[in-house]
Amino acid sequence: MEKLALLGGTPVLDKQPDELFKWPIMTQEDYDAAMDVVYNNKFSGTDITEKFQEEFAAWQGTEYAIAYCNGTMALTSAMFAIGLGKGDEIICPTKTYWGSVSQAINFGASAVFCNINEMLSMDPNDIERCISPRTKAIVVVHYFGYPCDMDAIMAIAKKHNLKVIEDVSHAQGGLYKGKKVGTFGDVAAMSLMSGKSFAAGELGILVTDNREIYERAMAFGHYERNNERYIKESDDLKSYFHIALGGAKGRANQLCSALARVQLKYYDERCAEIRKAMNYFWDQLEGLPGIYAIRVDESTGSNMAGWYCAQGGYRSEELHGLSVAKFCEAVRAEGYTGCWSGGNFCLHNHPFFKTFDLRNEGKPSRIVYNEYDVREDDNLCKPSEAIDCFNIPWFKHFDKDAIDKYAAAFRKVIENHEQLLENDAEKKQDGRWYGTENK
């Protein structure tokens, strides 16, 4: 038995090399592209952005792409583009970032939450439970880079005649059975902000093959492009030219568009190295109790894109009920300071979806236009709350020796976890958590 660092032992890692994790990779080419915008005051134009849109659409394999100031605006535009409106319902996994679905209240629609599975991915087996005559669409989130089961989800959408919006903010360039995520549904939107695997400052983008969706999305948040040059087929929009129909300005800052053009050129190559490093890390921990890899079998033609915010799954019952919080604390003591539990909180528990009244109508905005109180179904999302996860190192380069050390830190905690049980205030027993902090 080796004494854990949390209890006075020697940490496995003495330092964390910045070069393993620094992201995005910036070169002189990026700096030159950015300075061209600065020198020539091109921040608020569209010429660079339109070049990026063309290049991104070709790379994504879609007919159209529209850049926005951020991913949340891109998703909001997608909701308008599919015709989401008063009294509609839109299904979304509960464990995701709020920008995936919270803006539905702007359209008088209700968010309905489904469960996730052990891979933190939208559970197709729970979707039909959420469908009602008022359901308009499904928001599919490829959470933490793991591609959803699009075969099953698209079959359900077709069966019930539902629109599908793919949120690809965590999985840009990822594949599901050889086809890019973001090309299955009616429309996809994604964030390209500075923390994502595709990082371009603060930027978002929408992609689709549907001309009507493209034109509606353009008209919603691009007043300077809501005109005859872009809106050609949607006759119902033509009388509204020159005003953004959503009352919002979604135009991209061209400094970000310039960076995005350079990043796109090297993105696939850099993601391939990330995947090599991340898969090697998990290979070193294969078979250990208590943890499992959230990753796909790449032999199926699927992949994890750039492994955004890489996660592992946790099974406390395999470690004598040790809480995920105590496990992470022990890993941090071994030198990997980024090990924390949780991921995003479950949206169905947040007061925003319970009581928030956006327009001062005297009733929660989530249900104000709906005869049925969808909040009553929130308690059916409990399986999502029971799934634990934790951060693992998000390697940007393949360095075998360095990765081995990080794997050793996790292995040490697992192999010596019994040292932690006595002082674990949140130990899980009989399927229940005891303590107050984590659960």
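Quick summary incoming for the structure in this document. (Residues numbered from 1 in each chain as written. Predicted model: local features only at pLDDT ≥ 70, side-chain atom pairs only at ≥ 80, totals over all residues. Heavy atoms only, no water.)

**Comments concerning the overall build of the protein**
Tallying secondary structure elements over the protein gives 10 helices and 14 strands in all. Relative to the compact-globule value of 22 Å for 439 residues, the protein shows a C-alpha radius of gyration of 23 Å, a close match. When its C-alpha atoms are laid out on the principal axes, the protein stretches across 75 × 55 × 40 Å. Scored against the burial criterion, the 439 residues of the protein give a buried share of 58%. Pairs at least 24 residues apart make up 71% of the contacts formed inside the protein by residues separated by at least 6 positions. In the form shown here, the protein has an accessible surface area of approximately 18400 Å², with 48% of it arising from carbon and sulfur atoms. (Helix = DSSP H or I, 4+ residues; strand = E, 2+ residues; numbered from the N terminus. Rg over C-alpha atoms; globule rule 2.2 N^0.38 Å. Buried < 20%, exposed > 50% of the residue type's maximum accessible area, 1.4 Å probe, protein only. Contact = heavy atoms within 4.5 Å. Areas by Shrake-Rupley, 256 points an atom, 1.4 Å probe, with all protein chains shown as cover.)

**A look at a nonpolar patch on the surface**
A cluster of nonpolar residues, M35, V38 and Y39, forms a patch on the protein surface that exposes about 320 Å² of accessible area. Positionally, M35 belongs in helix α1 (residues 28-39). (Patch = residues over 30% accessible without salt bridge, like charges linked within 9 Å, V, L, I, M, F, W, Y side chains within 5 Å. Salt bridge = Lys/Arg side-chain N within 4 Å of Asp/Glu carboxyl O.)

**Thoughts on the pairing of strand β8 (residues 187-191)**
By the criterion of burial, β8 is predominantly enclosed, with 5 of the 5 residues buried. Across the two faces of β8 the burial is the same, with V187, A189 and S191 and A188 and M190 all buried. Summarising the sheet, strand β5 (residues 163-167) and β8 pair through 3 bridges and their orientation is parallel. Bridge pairing in β8 places D167 opposite A189. Inspection of the sheet shows β8 paired to strand β9 (residues 204-208) by 4 bridges, in the antiparallel sense. (Pairing = 2+ DSSP bridges.)

**Re the pairing of strand β12 (residues 388-391)**
Every second residue of β12 is oriented toward a common face, with D388 and F390 on one face and C389 and N391 on the other, all of them buried. The pairing of strand β11 (residues 311-314) with β12 spans 4 bridges and is antiparallel. Directly across from G313, in β12, lies its bridge partner C389.

**Details of helix α2 (residues 47-60)**
Taking 1.5 Å per residue, 14 residues should reach 20 Å; α2 reaches 20 Å between its end C-alpha atoms and fits that length. Listed as buried for α2 are I48, T49, E50, F52, Q53, F56, A57, W59 and Q60. Packing partners of the buried residues in α2 comprise α1, β1 (64-68), β7 (179-180), β8, β9 and α7 (254-285). In the stretch just after α2, G61 is the one whose phi turns positive, near 85°. (Expected span 1.5 Å × (residues − 1).)

**Examining the side chain of D30**
Relative to the elements of secondary structure, D30 occurs in helix α1. Despite being buried, D30 has no salt bridge partner; R270 is the closest side chain of opposite charge, sitting 5.1 Å away. Beyond its immediate stretch of four places on either side in the chain, D30 contacts I25, L259, V262 and Q263. (Lys, Arg positive; Asp, Glu negative; His and termini not counted.)

**A short note on the environment of K22**
Tracing the chain through its elements places K22 in the segment before α1. The class for K22 is exposed, based on a relative accessible area of 60%. A sequence separation of 374 residues divides K22 from K396, and the C-alpha atoms of the two residues are 7.2 Å apart.

**Here we look at a negative patch on the surface**
Negative charge collects at one region of the surface, where D18, E19, D399 and D401 lie side by side. Turning to its location among the elements, E19 is positioned in the segment before α1. (Charge placed at Lys NZ, Arg CZ, Asp CG, Glu CD.)

**Examining the sheet that holds strand β10 (residues 291-293)**
The strands that make up a sheet are held in pairs by hydrogen bonds between backbone atoms, and each pair lies either parallel or antiparallel. Taken together, 3 strands build an open sheet; the order of strands is β10-β11-β12 and the sheet is antiparallel. The sheet is open, and its two borders are formed by β10 and β12, each paired with just one other strand. Mean inter-strand twist for the sheet, computed between neighbouring axes without regard to direction, equals 40°. Those strands touched by helix α8 (residues 324-333) are β10, β11 and β12, and its axis lies near 15° from that of β12. (Axes fitted to C-alpha atoms, helices over the stretch in contact; angles between N-to-C directions.)

**Side note on the nonpolar core**
Soluble globular proteins tend to bury their nonpolar side chains together. Core analysis: the biggest nonpolar cluster contains 94 residues, and F281, F327, F390 and F410 have the highest contact counts within it. Counting residues per element, this core draws most heavily on helix α10 (residues 400-415), at 8 residues. The residues contacting F410, other than those within four sequence positions of it, are F281, L285, F327, V331, Y336, C339, F390, N391, I392 and P393. One finds A67, I131, C148 and A252 within the second-largest nonpolar core, a separate group that totals 43 residues. (Core = buried A, V, L, I, M, F, W, Y, C linked by side-chain atoms within 4.5 Å.)

Spatial relationships are all this shows, so hold off on functional conclusions.
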